[in-house]
Amino acid sequence: QVHLGESGGGLVQRGGSLKLSCVASGGAFADYAMSWFRQAPGKEREREFVASINFSGNGKHYGDAVKGRFTISRDNAKNTVYLQMNSLKTEDTAAYYCAAKYGSGSSRAKEYDYWGQGTQVTVSS
């Protein structure tokens, strides 16, 4: 059983930056691809793919909405995955979740084995 805990969310002005962290415990972190998803207000049934990173950290993929602005990274020694978010837009406002998938990554939320509780990011205009 892998437990995931996100932190780093908050309120930021449009154009600003935030860095999210997700710490994993209870499993072999390096065996898992890690991803970030988000769920916007009013879209409780939709989790949008944000970014994924493979076990070694050299394979990264991004959702179209965040390409060029967000960067995913991981530190296997610290069992932690990060999401650096720059040039934030109001439409980035959402609850952000990290997720772990054994083996290779995916942009499909249903394929993930473990989820964190989420951290709220609010971008004001």
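Quick note: structure is the one above.
Cut-off values and rules
Residues numbered from 1 in each chain as written. Predicted model: local features only at pLDDT ≥ 70, side-chain atom pairs only at ≥ 80, totals over all residues. Heavy atoms only, no water. Disulfide = S-S within 2.5 Å. Helix = DSSP H or I, 4+ residues; strand = E, 2+ residues; numbered from the N terminus. Phe/Tyr/Trp six-rings, centres within 6.5 Å; stacked < 30°, edge-to-face > 60°. Buried < 20%, exposed > 50% of the residue type's maximum accessible area, 1.4 Å probe, protein only. Lys NZ or Arg CZ within 6 Å of the ring centre and 35° of its normal.

Novice: Give a detailed account of the state of the cysteines, specifying residues and quantitative values.
Specialist: In a disulfide, the sulfur atoms of two cysteines are covalently bonded to one another. All told, the structure shown has 1 disulfide when counted by the stated rule. With a sulfur-sulfur separation of 1.9 Å, Cys-22 is cross-linked through a disulfide to Cys-98. An S-S torsion of about 40 degrees defines the bridge between Cys-22 and Cys-98 as right-handed. Of the two residues, Cys-22 sits in strand E3 (residues 18-25) while Cys-98 sits in strand E9 (residues 94-102), which places them 76 residues apart along the sequence.

Novice: Just give me the short version of the packing of aromatic side chains, but keep the residues and values in it.
Specialist: Aromatic ring pairs are defined here through the distance separating the ring centres and the angle between the ring planes. Evaluation of the coordinates by the stated rule reveals 6 aromatic pairs. With a centroid separation of 6.1 Å and an interplanar angle of 65 degrees, the aromatic rings of Tyr-32 and Tyr-114 are classed as edge-to-face. With Tyr-32 in strand E4 (residues 32-39) and Tyr-114 in strand E10 (residues 114-115), the pair connects residues that are 82 residues apart, well separated along the chain. Comparing Tyr-32 with Tyr-114, the two get one shared label, buried. Judged by centre distance (5.1 Å) and plane angle (50 degrees), the ring pair of Phe-37 and Trp-115 falls under tilted. One end of the pair, Phe-37, is in strand E4; the other, Trp-115, is in strand E10, and 78 residues separate them in sequence. Members of the aromatic cluster, joined through ring pairs, are Phe-37, Phe-49, Tyr-112 and Trp-115. Sitting over the face of the ring of Trp-115, Arg-47 holds its NZ or CZ atom 4.7 Å from the ring centroid.

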